[in-house]
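Coordinate inspection notes
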Amino acid sequence: QVQLVESGGGLVQTGGSLRLSCAASVRSFSIIAMGWYREAPGKQRELVAAVTRDGRTNYADSVKGRFTISTDNAKNTVYLQMNSLKPEDTAVYYCNTDLNTYLNGRKTYWGQGTQVTVSS
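A brief report on the enclosed structure follows. A quick note: this is a predicted structure, and the numbers were derived from the prediction, not measured.

Rules of the game
- Residues numbered from 1 in each chain as written.
- Predicted model: local features only at pLDDT ≥ 70, side-chain atom pairs only at ≥ 80, totals over all residues.
- Heavy atoms only, no water.
- Helix = DSSP H or I, 4+ residues; strand = E, 2+ residues; numbered from the N terminus.
- Buried < 20%, exposed > 50% of the residue type's maximum accessible area, 1.4 Å probe, protein only.
- Contact = heavy atoms within 4.5 Å.
- Pairing = 2+ DSSP bridges.
- Axes fitted to C-alpha atoms, helices over the stretch in contact; angles between N-to-C directions.
- Salt bridge = Lys/Arg side-chain N within 4 Å of Asp/Glu carboxyl O.

1. Notes on the overall build of the protein chain
- When helices and strands are counted, the protein chain shows zero helices and 11 strands.
- Counting from the amino terminus, helix and strand elements in the protein chain follow one another as β-β-β-β-β-β-β-β-β-β-β.
- Summarising its shape, the C-alpha atoms of the protein chain cover approximately 50 × 25 × 20 Å along the three principal directions.
- In the protein chain, which comprises 120 residues, the proportion classed as buried is 42%.
- Residue pairs at least 24 apart in sequence account for 55% of intrachain contacts in the protein chain once pairs closer than 6 positions are excluded.

2. Structural notes on the sheet that holds strand β8 (residues 77-82)
- Judged by pairing direction, the sheet is antiparallel, and its four strands sit side by side in the order β1-β3-β8-β7 without closing on themselves. Each of the sheet's edge strands pairs with one partner strand only, and the pair in question is β1 (3-7) and β7 (67-72). Adjacent strand axes in the sheet meet at a mean angle of 15°, parallel and antiparallel pairs treated alike.
- Direction of pairing for strand β3 (residues 18-25) relative to β8: antiparallel, over a ladder of six bridges. Each residue of the ladder has a partner; that of A23, found in β8, is T77.

3. Here's the deal with the pattern of salt bridges
- Per the stated rule, a full pass over the model turns up seven salt bridges.
- Residue E46 is joined to R38 by a salt bridge in which the shortest nitrogen-to-oxygen separation is 2.8 Å.
- On the basis of relative accessibility, which here comes to 6%, the residue R38 falls in the buried class.
- When the shortest N-O distance is used, the salt bridge between K64 and D61 registers 3.1 Å. Across this residue pair, the class does not change: K64 and D61 are exposed.
- Among the charged side chains, a network of salt bridges with common partners joins R38, E46, R66 and D89.

Have a look at this one:
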């Protein structure tokens, strides 16, 4: 069974920082990419940042220069360092991974979500 366990959310003031972590248990599957999405009340879930197994990254324009995604491939863990946080960053943040499951092809899995609240 594939599991993604997130941690690191919380309440922070504007301008503060938080670091999210997501540890993936992926059995014998191969990780293609890992990423972070967020969903604010009344809005659709959106990509925040993603990283492929070989280190290519992609960021939403709204977080470029403030957020940094990184991985520890040995631990199948992805991190999101969030600096200069703004109230509009308030959302539930979800960890995501794309796996090569071989017989069943490419599949996407999600964590349970962690709340990030930025107070003004």
